[in-house]
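Residue strings, one per chain:
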Amino acid sequence: MILETPRLSLREAALEDDAFILALLNAPGFVSGIGDRGVRSLDEARDYIETRILSSYRDHGFGMWVVTAKGQDQPAGLCGLVRRDVLPHVDLGYALLERWWGRGYAQEAAAAVLAHARAPLGLGTVAAIVNPDNAASRRVLEKIGFSFIDVRHLDGWDEPSAYYCA
């Protein structure tokens, strides 16, 4: 367990999370709000976990963590920190399966990750990027202390991103 909140647990992902990752990455809200990762099979989901999530733990000491509501055995989503070459600061990200939307879980998990980024990780500034049209995600960021900076066209990204910092 990496983090715990009153209603959530955040833990490192494992290769056994392949079915969950496959479902999350292909959920309509993920594809439209974050992007299509091209993961279409359990083998590709395991590869994604290994090359994108587990490698971040090894390389940076942080990454995207699996979010589970207490008392539930099925993951609700991912929330964590990502180091991207196109951003000057570590990026806080989150995504929940749609059946978990509207319960305040994204805000609760993101606030816990931001606090973890500050201490014990000691990160002074944390960034976040979001689809400019995603009003719900923008509200989550603002509620936990992020400030809108500008809209940026990041190298390698097709669509512009609203850029926030906390």
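That block above? That's the structure.
In every chain, residue numbers begin from 1 and rise along the written sequence. Since the coordinates come from a predicted model, pLDDT governs what is reported: local features require at least 70, and pairs of side-chain atoms require 80 or more to be given and counted, while whole-chain, interface and lining totals use all residues. Hydrogens are left out, water is left out, and the side-chain values use all remaining heavy atoms of the structure.

### Points about the overall build of the chain
Secondary structure summary: the chain contains 5 helices and 8 strands in total. Taken from N to C terminus, the helices and strands of the chain fall in the order β-β-α-α-α-β-β-β-α-β-α-β-β. This radius of gyration counts C-alpha atoms alone. The globule rule is 2.2 Å times how many residues there are, raised to the power 0.38. Relative to the globule expectation of 15 Å for 166 residues, the C-alpha radius of gyration of the chain, 15 Å, shows essentially globular dimensions. Taken along its principal axes, the extent of the C-alpha atoms in the chain is 35 × 35 × 35 Å. Throughout this description, buried means an accessible area under 20% of the type-specific maximum (1.4 Å probe, protein chains only), exposed means over 50%, and partly exposed covers the range between. A buried classification covers 47% of the 166 residues belonging to the chain. Across the chain, the fraction of contacts at a sequence separation of at least 24, relative to all contacts at a separation of at least 6, is 56%. Working definition of accessibility: Shrake-Rupley area with a 1.4 Å probe, residue cover restricted to the visible protein chains. In the structure as shown, the chain presents an accessible area of about 8,300 Å², 49% of it carried by carbon and sulfur atoms. Taken as two groups, the 17 positive and 22 negative side-chain charges of the chain have centres that lie 6 Å from each other. Under the scheme used here, helices are H or I runs from DSSP no shorter than 4 residues and strands are E runs no shorter than 2 residues, and both carry numbers assigned from the N terminus. Contacts: residue pairs with any heavy atoms within 4.5 Å of one another. Just so you know, the count uses Lys and Arg for positive and Asp and Glu for negative, and it drops His and the chain ends. By convention, charge coordinates are those of NZ in Lys, CZ in Arg, CG in Asp, or CD in Glu.

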